[in-house]
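Spelled out from the first residue to the last, the chains are:
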Amino acid sequence: MEQQKRYGHFDDQHREYVITDPQTPWPWINYLGNEDFFSLISNTAGGYSFYKDAKFRRITRYRYNNVPMDNGGRYFYIKDGDTVWNPGWKPCKTPLDFYECRHGMGYTRITGRKSQVEASVLFFVPLGKWAEVQKLTLKNTSQQTKQLKLFSFEEWCLWNAATDMENFQRNFSTGEVEIEGSTIYHKTEYRERRNHYAFYHVNTEIQGFDTDRETFVGLYNEFADPQAVIEGRPHNSHAHGWSPIASHYIEVTLQPGEQRDFIFLLGYIENEHDKKFSAPQVINKEKAHQLIAELDTTEKVDKAFAELCQYWDALLNIYKVKTGNPKLDRMVNIWNQYQCMVTFNFSRSASFFESGVGRGMGFRDSNQDLVGFVHQIPPRARQRIIDIASTQFPDGGCYHQYQPLTKRGNNDIGGGFNDDPCWLIFGTVAYIKETGDFSILDEMVPFDNQPGTEVTLFEHLRVSMDHVINNLGPHALPLIGRADWNDCLNLNCFSMDPNESFQTTENVTEGSKAESLMIAGLFVVTGKDYIALCKALAERIENGEFSTLNSQFLAAEAARMQQAVDAMIVAVEKHGWDGEWYLRAYDYYGRKIGSHECDEAKIFIESQGWCTMAEIGAEQGMVAKSLDACKKYLECEHGMVLNNPAFSRFIYEYGEISSYPEGYKENAGIFCHNNPWVIIGECIAGRGNDAWSHYAKILPSYVEEKYQTLHKVEPYVNCQMVAGKDAFRPGEGKNSWLTGTAAWMWYTVSEFILGIKPDYDGIRIDPCLPETAGDYTVSRRFREAEYEIAIHPNGAQKGVKQIVLDGKPIEGTVIPYSKGRHTVEVTM
Ligand code: BGC
């Protein structure tokens, strides 16, 4: 293969990705912050910060899809004689003598060197703090004294990121700031209903500042040549309206070899309404002073940074594999888990592809995300389940999205996505298996956040299942509603107005015969989970554990659901099989979708994934045939496409799916999210070689090299979509970071390939591996136990022969849970 240009490499020892050329094919970003205060940061320090909600509480401004790309961020301008440069190359783009960006776990370190001055900035959000630390270290590596002029720069967003971009008749008159010493305060709208402000501080005396953008940048200049920096002097401007910014000006003298730290702090504060002001018009800065005092020296900042690193050490120690294959180990031990935390935090709200103003948290998305995250911090997953369930309707339907700040269902999009309810079972079951905490089922949870409507979480699960059962179509298969997992398969939409959203326009569900085989498979999988949950809980109640439910009721529920699941299996076998694969759906008129009878899109991935995971028709050979069909028709060099062949024209009856050009997104793109479904299907069928070859095709570290240029997006995380074989440029990636792919890749590799599956009574060991796999170990912290598990595959793809626990052979494949340290030897 032709030698490709490289932009960076993994540094596993430090758990970092090291970018060595700032001109990556697309901004390669990282996330800072774990809870509450968050930042996005690109490899050239672009990006923005927000508190909890990227739409309603945006702290700094960002320009999406701009010219040049990635415009706006936290910028340091260093003026050394006549040369102005930035440590991260942008925005001045002055050629640097050295550049490096290290994206790590919750931090980014960007280092630039120019004319024997080195500037290294460490960006991170300390644990539990509402602030971004920017520790800038300036070093003079020359033999001469250096006189430098340093300008910092942040641009304030007027809080609501949506109106900030459009309501200029108001915005240009509301901006307000205060300046006190080395701190610039942003207090737009604080005089009225807001109880929050932000600040930008530096821990040294400043020689000037600017807070008015026009004065600092100049009306016809750019971030690349700000007027004040060019002139080499600040204007001490005080913003009144227009666009407030924060820029410190510091004169720095460095002796040969001398280095100096500057701690910049971007903070966010909330005050109680009656304590907002310390004098008329003057904000109460007490909490800001406190926060600053906690982080105003190198020692304090280094300590906070060490705490953040320890926090990640602990999180990543929960599940650790050693296979001797660094490409696999680094994804499992570092990047996949890291991406899971990020998607759990943000759902699909804020990335370089999601503007943060459009969507909040997805109902189905968040349930899936938490499966990738639950082993890390179970209490947060617990809270998330309650929040999600609180947006459900009494009939089991749900809001498709909710806002993280208000936790309220999003009326713009509403409900009617008929797969949504099943995901609540998926998420809750994962939580209980991880923690053994059945008490969550007794939590009282409202419907649609209405006080007085509270029922147990178990009842939410029950109505979720019922929502499917009560919405079956003419073939006794689930009605699809607005859409199922595939948001773009809009079989009841019939929109010809380009100004309408396919997702939110009124649906013609009345009298519709549109049914989904994907929901059918999902229902069987989650139905079996529901039955197992009922039985596990009943067993505990019989053993004297407390629950508001009783075991007779649970036995009846399990039996009722078994009937529904059996009926669904029969319906799929009878009406959902096309001869070589599972159908995808029936349309409004009851015509087949995803059949050899169709002109295009004869086969779809989603129903193959879910129906094989559900093992529907396995005995009749359906599962094996379906998996073979995926290999034959869907697989290509870069992964499995969503459907094949792609739609070449818009089909009014199908909605958004056929609106995409061939090979992109839901029209035959490689939607990485659903590849793991088929991979798990392969694992359940025991086909380890096939499972592995599908998995490695979309595993970032496996394709890192060839993807440095073709793929474009970050080579350390999965992206939502890679252009499929019908696309103009197959293999090109888009929409990185916030995708259900993260959780599904994790679930697949940790539980189905490596085979460590949390279960109600312990850990089930059931790997499915390629024949070539060697011995490996997994250390797994599980509840209050630690398991050191050594697996000897002996060339087998599947099938555990013997498990020896603490030196004694056990029956079956479940290691019974007990506290303490244990060693486990597994022979396949
Ligand atoms: C959405 C998911 C959806 C998927 C497929 C993603 O953008 O977040 O909810 O299942 O697209 O349409």
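Use the structure listed above.
Undergrad: An account of the pattern of salt bridges is needed here, citing residue identities and associated values.
TA: Once their charged atoms are close, side chains differing in charge can pair, the charge on each being opposite to the other. For the structure on display, the rule yields 62 salt bridges. Here Arg-57 ties to Glu-270 by a salt bridge, and the two come within 3.6 Å at their closest N and O atoms. A residue pair is termed long-range when its members are at least 10 positions apart, and Arg-57 in the loop between β5 (47-51) and β6 (58-60) and Glu-270 in strand β19 (residues 259-270) qualify at 213 residues. Salt-bridge contacts for Glu-732 lead to Arg-729; the nearest nitrogen and oxygen are separated by 2.6 Å. One continuous salt-bridge network, built from bridges that share partners, spans Arg-61, Arg-63, Glu-155, Asp-164 and Arg-213.

Undergrad: Help me get a handle on unusual backbone geometry, residues and values and all.
TA: For the bond from Lys-90 to Pro-91, the omega torsion is 0 degrees, close enough to zero to count as cis. Within the element layout of this structure, Pro-91 appears in the loop between β8 (83-85) and β9 (98-104). Cis geometry marks the peptide bond from Asn-644 to Pro-645, where omega comes out at -15 degrees. Relative to the assigned elements, Pro-645 resides in the loop between β33 (643-644) and β34 (670-671). For Ala-668, which is not glycine, the phi torsion reads 70 degrees and is therefore positive. Mapping Ala-668 onto the fold places it in the loop between β33 and β34. Note on Ala-668: relative accessible area 0%, which makes it buried. Even without being a glycine, Trp-737 presents a positive backbone phi close to 80 degrees. Mapping Trp-737 onto the fold places it in the loop between β36 (733-736) and α18 (741-753). Among the residues examined, Trp-737 registers a relative accessible area of 0% and is labelled buried.

Undergrad: Quick rundown of helix α17 (residues 700-707)? Include the residues and the values.
TA: Side chains that are three or four residues apart share a direction in an α-helix, a result of its 3.6 residues per turn. Burial runs high along α17: 6 of the 8 residues are buried. Three or more residues of α17 are buried, namely Pro-700, Ser-701, Val-703, Glu-704, Lys-706 and Tyr-707.

Undergrad: Explain the environment of Pro-244 to me, and be specific about the residues and the numbers.
TA: Within the element layout of this structure, Pro-244 appears in strand β18 (residues 244-254). Counting along the chain gives 66 residues from Pro-244 to Glu-178, while the straight-line C-alpha distance between them is 11 Å. The contacts of Pro-244, once residues within four sequence positions are left out, are Glu-155, Trp-156, Leu-158, Gly-175, Val-177, His-186, Thr-188, Thr-211 and Ala-239.

Undergrad: Let's hear about a nonpolar patch on the surface: which residues, and what values?
TA: A surface patch of nonpolar side chains, amounting to about 310 Å² of accessible area, comprises Phe-168, Phe-172 and Trp-242. Positionally, Phe-168 belongs in helix α1 (residues 168-174).

Undergrad: An account of the sheet that holds β19 is requested, with residue identities and associated values reported.
TA: With antiparallel pairing, the 10 strands of this open sheet are ordered in space as β1-β2-β9-β10-β11-β12-β19-β16-β15-β14. Among the strands making up the open sheet, the edge pair consists of β1 (8-11) and β14 (177-180). Taking the axes of each pair of neighbouring strands and ignoring which way they run, one obtains an average angle of 15 degrees across the sheet. Pairing analysis gives 4 bridges linking β1 to strand β2 (residues 16-19), with the strands arranged antiparallel. Opposite Gly-8, over in β2, you have Ile-19 as the bridge partner. Strand contacts of helix α5 (residues 298-316): β10 (107-114), β11 (117-124), β12 (131-140) and β19, with the helix running at about 55 degrees to β11, the strand carrying the most contacts.

Undergrad: Can you tell me about the site of the ligand, naming the residues and giving the values?
TA: Lining the immediate environment of the ligand, one finds Arg-348, Arg-359, Arg-364, Asp-365, Trp-485, Asn-486, Asp-487, Glu-666, Phe-671 and Gln-720. Asp-365 places a polar side-chain atom, nitrogen or oxygen, 2.7 Å from an oxygen atom of the ligand. Glu-666 places a side-chain nitrogen or oxygen 2.5 Å from an oxygen atom of the ligand. For the ligand, the accessible surface in isolation is 310 Å², of which the surrounding protein chains cover 95%. Here the residues of the shell around the ligand are counted per class, giving 2 nonpolar, 2 polar and 6 charged.

Undergrad: Break down the packing of aromatic side chains for me, citing the residues and quoting the values.
TA: For the structure shown, the criterion picks out 71 aromatic pairs. Between Tyr-48 and Tyr-62 the ring centres are 5.6 Å apart and the planes differ by 40 degrees, which places this aromatic pair in the tilted class. A residue pair is termed long-range when its members are at least 10 positions apart, and Tyr-48 in strand β5 and Tyr-62 in the loop between β6 and β7 (75-80) qualify at 14 residues. Tyr-48 gets classed as buried once you look at its relative accessible area, which sits at 0%. Residue Tyr-62 is classed as buried on the basis of its relative accessible area, which comes to 7%. Stacked on the ring of Tyr-702, the Lys or Arg Lys-327 has its end atom at 5.5 Å from the ring centre.

Undergrad: I'd love a proper account of the packing of helix α9 (residues 420-435) against helix α10 (residues 457-469), names of residues and values included.
TA: α10 packs onto α9 with a crossing angle of 140 degrees between their chain directions and a minimal axis gap of 7 Å. When the axes of α9 and α10 are compared, the pair comes out oblique. For α9 against α10, the interelement crossing comes out left-handed. Residue-level contacts link Pro-421, Cys-422, Leu-424, Ile-425 and Thr-428 of α9 to Leu-457, His-460, Leu-461, Ser-464, Met-465, His-467 and Val-468 of α10. In terms of residue class, the contact of α9 with α10 is built from 8 nonpolar, 4 polar and no charged.

Undergrad: Before we move on, can you summarise the nonpolar core with the specific residues and values?
TA: In terms of nonpolar packing, the biggest core is built from 244 residues, with Leu-138, Tyr-695 and Ile-765 touching the most fellow members. If you tally residues by element for this core, the top one is helix α11 (residues 517-542), at 16 residues. Every residue in contact with Ile-765, bar those within four places of it in the chain, is listed here: Gly-755, Ile-756, Ile-789, Ile-791, Val-800, Ile-803, Thr-813, Ile-815 and Val-826. Grouped together as the second largest cluster of nonpolar side chains are 13 residues, Cys-92, Phe-216, Phe-223 and Ala-228 included.

Undergrad: Talk me through the pairing of β5; I want residue IDs and the actual numbers.
TA: Along β5, 5 of the 5 residues are buried, which leaves the element largely enclosed by surrounding structure. Neither face of β5 is left uncovered, since the one carrying Gly-47, Ser-49 and Tyr-51 and the one carrying Tyr-48 and Phe-50 both have all their residues buried. When strand β4 (residues 37-42) meets β5, the two strands line up antiparallel, connected through 5 bridges. Bridge assignment links Phe-37 to a residue of β5, and that residue is Tyr-51. Between β4 and β5, which pair antiparallel one after the other, the connecting turn spans 4 residues, and Ala-45 there sits at a positive phi close to 75 degrees.

Undergrad: Mind laying out the side chain of His-673, listing which residues take part and the relevant values?
TA: For His-673, the position within the fold is in the loop between β34 and α15 (675-684). Among the polar contacts made by the side chain of His-673, one reaches the side chain of Trp-744 at a distance of 3.5 Å. Residue contacts for His-673: discarding those within four places in its chain leaves Gln-368, Trp-485, Gln-720, Thr-739, Gly-740, Thr-741 and Trp-744.

Undergrad: Any chance you could break down the side chain of Arg-61 for me, citing the residues and the numbers?
TA: Tracing the chain through its elements places Arg-61 in the loop between β6 and β7. Of the polar contacts made by the side chain of Arg-61, one reaches the side chain of Asp-164; its length is 2.7 Å. Contact partners of Arg-61, with chain neighbours within four places excluded, come to Gly-47, Tyr-48, Glu-155, Trp-156, Cys-157, Leu-158, Asp-164, Arg-213 and Ser-243.

Undergrad: Explain the sheet that holds β34 residue by residue, including any values.
TA: Taken in spatial order, the 3 strands make up an open sheet running β34-β35-β36, and their pairing is antiparallel. Looking at strand neighbours, the two that pair on one side only are β34 and β36, the edges of this open sheet. In the sheet, strand β35 (residues 719-722) pairs with β36 via 3 bridges, with the strands oriented antiparallel. Following the sheet pairing, Met-721 is matched in β36 by Lys-734.

Calculation rules
- Residues numbered from 1 in each chain as written.
- Predicted model: local features only at pLDDT ≥ 70, side-chain atom pairs only at ≥ 80, totals over all residues.
- Heavy atoms only, no water.
- Salt bridge = Lys/Arg side-chain N within 4 Å of Asp/Glu carboxyl O.
- Helix = DSSP H or I, 4+ residues; strand = E, 2+ residues; numbered from the N terminus.
- Buried < 20%, exposed > 50% of the residue type's maximum accessible area, 1.4 Å probe, protein only.
- Contact = heavy atoms within 4.5 Å.
- Patch = residues over 30% accessible without salt bridge, like charges linked within 9 Å, V, L, I, M, F, W, Y side chains within 5 Å.
- Areas by Shrake-Rupley, 256 points an atom, 1.4 Å probe, with all protein chains shown as cover.
- Pairing = 2+ DSSP bridges.
- Axes fitted to C-alpha atoms, helices over the stretch in contact; angles between N-to-C directions.
- Near = heavy atom within 4 Å.
- Polar contact = N/O pair within 3.5 Å; in protein donor to acceptor, adjacent residues only side chain to side chain.
- Nonpolar A, V, L, I, M, F, W, Y, C, P; charged D, E, K, R; others polar.
- Phe/Tyr/Trp six-rings, centres within 6.5 Å; stacked < 30°, edge-to-face > 60°.
- Lys NZ or Arg CZ within 6 Å of the ring centre and 35° of its normal.
- Parallel < 35°, antiparallel > 145°, perpendicular 65-115°, else oblique.
- Left-handed = near helix turned anticlockwise from the far one by under 90°.
- Core = buried A, V, L, I, M, F, W, Y, C linked by side-chain atoms within 4.5 Å.

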